[in-house]
Amino acid sequence: MKHRTIIEPFKIKVVEPLPMRTVEERERILAEVGYNLFGLHAADVTFDFLTDSGTSAMSAEQWGAMMVADESYAGSRSFYRFEQVVQRVTGYRHVIPTHQGRAAEHLLFSLRCKPGQLVPSNNHFDTTRANLEQLGVEAVDLVCAEGRDPTLDHPFKGNMDVGRLEAFLLEHRGRVPFVMMTITNNTGGGQPVSLENLRAVSSTCKAHGIPLLLDACRFAENAWFIKVREPGQGERSARDIARDVFATADGCLVSAKKDGLVNIGGFIALREDSWLGDLRNKLILTEGFPTYGGLAARDLEALAVGLDEVLDERYLAYREGVTRYVADGLSRCGVPTMRPPGGHAVYIDARALLPHIPAHEFPAQALAIELFRAEGIRSCEIGSVMFGRTPDGGFRPAALELVRLALPRRVYTQAHFDYVLEGIADIAARREQLRGVRITYEPPFLRHFTARFAPV
Ligand SMILES: *Cc1c(COP(=O)(O)O)cnc(C)c1O
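Structure report, in brief. (Residues numbered from 1 in each chain as written. Predicted model: local features only at pLDDT ≥ 70, side-chain atom pairs only at ≥ 80, totals over all residues. Heavy atoms only, no water.)

## With respect to the overall build of the protein chain
- Scanning the protein chain from N- to C-terminus turns up 16 helices and 14 strands.
- Whereas a compact globule of 456 residues would reach a radius of gyration of roughly 23 Å, the protein chain reaches 22 Å, a difference of no more than 12%.
- With the C-alpha coordinates aligned to their principal axes, the bounding extent of the protein chain is approximately 60 × 55 × 45 Å.
- Counting all 456 residues of the protein chain, 55% fall into the buried class.
- The contacts of the protein chain with a sequence gap of at least 6 include a subset with a gap of at least 24, amounting to 72%.
- By element, 53% of the accessible surface of the protein chain is carried by carbon and sulfur atoms, the whole surface being about 19,400 Å².
- With 53 positive and 57 negative side-chain charges, the protein chain shows a separation of 1 Å between the mean positions of the two kinds. (Helix = DSSP H or I, 4+ residues; strand = E, 2+ residues; numbered from the N terminus. Rg over C-alpha atoms; globule rule 2.2 N^0.38 Å. Buried < 20%, exposed > 50% of the residue type's maximum accessible area, 1.4 Å probe, protein only. Contact = heavy atoms within 4.5 Å. Areas by Shrake-Rupley, 256 points an atom, 1.4 Å probe, with all protein chains shown as cover. Lys, Arg positive; Asp, Glu negative; His and termini not counted. Charge placed at Lys NZ, Arg CZ, Asp CG, Glu CD.)

In structure tokens, the structure reads:
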């Protein structure tokens, strides 16, 4: 290879200023928001790695398509353009737009599930799990053993344990309305699922006569990982691989805020029409007429362009390169991360970095606060703040103390990441000086969004 530098495969036409605050300003702001990064104004954040959802930069072509959108209530030209792209990318015939992924989940689950049923997946995403559970359905995770070990290097840690799935479907015969697969597997930072595994899951489902649905928000990143990691796939295009992936299932639910390269949107796509009538009727009740489904036609236009752009292999190689660059850069400055890096996020192992801070003083939250205080970086704690509260309000340490850096698509340049890595190296060099935090206020559930903290 001639060049080592990963270049952004785009030129920049529109820019916005990078917010910059002084350390003193950030210390004052932190005290004001009770050291909870969800309370920050984005205008005070220099590098926002809170999420990759809805934070993509759109292309000139997407903005251009928005200008020519047809905002007709029924039968808009923009809908048919969007429908055609989804049909071409997925191979599914029926396309139902929704305003985002969880609306698609709620719509489909509320029609297809009954209390007392069970839905297995590799790992359910939070909103998928919550939408099933509020219907009285049990959401069950059957990810492979490798996927549960954060330090193990394995190419497809998102795979389903097919043996467990087979046993599960036998045990719960008649109680499983469908099986799901999340690609890439969000839990664990976007670990991919192999085509081989999807085919095995698909034939297990077929043998039991149970439909398979893909939670396919990051279908393009997953296709790219199949291309570069799965034997025999290296010469094929990401587009062809994605088609093969969709061919293993009966339909998909998609939050377009990820690989759709848009800021809002989602859809359901289905191979058969048997579920369609109910879905369209309920869509009209809750989201809107079937040719816009809670979106403006300009959103559908941007999404139609985004779904093609995301399959550009120069983009996908760059996307994977960025995540790897950040993870490898952290390793070089002695900051341990979950391995291997997935598609859309890098997870710092705060327990390993800050062994002197006990779990009940929240090492991952302490690190997230310091990343913002010293460097203006917003990350997300995934540790004992998020998972350490028992139902009776007690404390139980989370399995892992992680700080997630989710990487928005096409937003930050390599120079930004170099700057961020220098900042984190500096924090790592004085890690012994970091102190834990205690909770001064917490609500009874989902406390990570609104809890307040104080340094100990
Ligand atoms: C983001 C996401 C969803 C939910 O989508 P929203 O657009 O945020 O409602 C569902 N599943 C997965 C895997 C996701 O990453």
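There's more to say after this.
## Considerations on the sheet that holds strand 9 (residues 345–349)
- What the three strands build is an open sheet, ordered 9-12-11; its pairing is antiparallel. Only two strands of the sheet have a single partner each, and these edge strands are strand 9 and strand 11 (380–382). Here the average twist between neighbouring strands, direction ignored, is 30°.
- Pairing between strand 11 and strand 12 (residues 402–406): three bridges, direction antiparallel. (Pairing = 2+ DSSP bridges. Axes fitted to C-alpha atoms, helices over the stretch in contact; angles between N-to-C directions.)

## Digging into the environment of glutamate 301
- One can find glutamate 301 in helix 11 (residues 297–309).
- Between the alpha carbons of glutamate 301 and arginine 77 there is a distance of 9.4 Å; along the sequence they are 224 residues apart.
- In this structure, glutamate 301 is in contact with Ala65, Met66, Val68, Ala69, Arg77, Ser78 and Arg81, ignoring residues within four places of it in sequence.
- Among the polar contacts listed, one links the side chain of glutamate 301 to the side chain of arginine 81, at a separation of 2.6 Å. (Polar contact = N/O pair within 3.5 Å; in protein donor to acceptor, adjacent residues only side chain to side chain.)

## A look at the packing of helix 3 (residues 77–90) against helix 11
- Direction vectors running N to C along helix 3 and helix 11 enclose 25°, while the axes themselves pass 8 Å from each other. In terms of orientation, helix 3 and helix 11 fall into the roughly parallel class. For the crossing formed where helix 3 meets helix 11, the hand is left-handed. Residues Arg77, Ser78, Phe79, Arg81, Phe82, Val85, Val86, Arg88 and Val89 of helix 3 form the contact with helix 11, whose participating residues are Ala297, Leu300, Glu301, Leu303, Ala304, Val305, Leu307 and Asp308. (Parallel < 35°, antiparallel > 145°, perpendicular 65-115°, else oblique. Left-handed = near helix turned anticlockwise from the far one by under 90°.)

## Regarding the site of the ligand
- Taken together, 14 residues are adjacent to the ligand, and Gln100, Arg102, Asp215, Ser255 and Lys258 come closest.
- Between the ligand and the protein, one listed contact pairs an oxygen atom with a side-chain N or O atom of serine 255 at 2.6 Å.
- When the ligand is considered free in solution it has 380 Å² of accessible area, and contact with the protein chains removes 97% of it.
- Broken down by element, the residue count for the shell around the ligand peaks at three residues, all from helix 4 (residues 101–112). (Near = heavy atom within 4 Å.)

## Thoughts on the pattern of salt bridges
- The tally for this structure, following the rule as stated, stands at 28 salt bridges.
- Salt-bridge contacts for arginine 77 lead to glutamate 301; the nearest nitrogen and oxygen are separated by 3.9 Å. Placement of arginine 77 in helix 3 and of glutamate 301 in helix 11 is noted, with a sequence separation of 224 residues between them.
- A salt bridge links glutamate 133 to arginine 129; the nearest nitrogen and oxygen atoms lie 3.5 Å apart. On the criterion of helical spacing, the pair formed by glutamate 133 and arginine 129 is a turn pair, its members being four residues apart in helix 5 (residues 126–133).
- Looking at glutamate 133, the relative accessible area reads 44%, which means it is partly exposed.
- By relative accessible area, which is 24% here, arginine 129 ends up partly exposed.
- Through salt bridges with shared partners, one network takes in Asp52, Arg218, Glu221, Asp259, Arg319 and Arg409. (Salt bridge = Lys/Arg side-chain N within 4 Å of Asp/Glu carboxyl O.)

## A closer look at the pairing of strand 3 (residues 118–121)
- The side-chain alternation of strand 3 yields two buried faces, one formed by Leu118 and Pro120 and the other by Val119 and Ser121.
- Where strand 3 and strand 4 (residues 138–141) come together, four bridges link them in parallel fashion. Note that in strand 4 the partner of leucine 118 across the bridge is glutamate 138.
- The handedness of the strand 3 to strand 4 crossover, carried by helix 5, is right-handed. (Right-handed = clockwise from strand over helix to strand, strands pointing away.)

## Notes on the packing of aromatic side chains
- Considering all chains together, one arrives at 20 aromatic pairs under this definition.
- Seen in terms of ring centroids, phenylalanine 79 and tyrosine 80 are 5.3 Å apart; in terms of plane orientation they differ by 75°. Their pairing is edge-to-face.
- Assessed through its relative accessible area of 42%, tyrosine 80 is described here as partly exposed.
- Ring geometry for phenylalanine 362 against phenylalanine 395: centres 5.9 Å apart, planes inclined by 85°, an arrangement best described as edge-to-face. You can see phenylalanine 362 sitting in the loop between helix 13 (350–353) and helix 14 (363–375) and its partner phenylalanine 395 sitting in the loop between helix 15 (384–387) and strand 12, a full 33 residues away along the chain.
- When its relative accessible area of 35% is taken as the criterion, phenylalanine 395 is described as partly exposed.
- Taking NZ or CZ as reference, arginine 26 lies 6.0 Å from the ring centre of phenylalanine 372, over its face.
- We note lysine 258 situated over the ring of phenylalanine 125; from NZ or CZ to the ring centre the distance is 5.4 Å. (Phe/Tyr/Trp six-rings, centres within 6.5 Å; stacked < 30°, edge-to-face > 60°. Lys NZ or Arg CZ within 6 Å of the ring centre and 35° of its normal.)

## Section: the environment of glutamine 87
- Along the chain, glutamine 87 falls in helix 3.
- Separated by 184 residues in sequence, glutamine 87 and arginine 271 have C-alpha atoms that sit 9.6 Å apart.
- Once residues within four sequence positions are removed from consideration, glutamine 87 is found in contact with Tyr92, Arg93, Val95 and Arg243.

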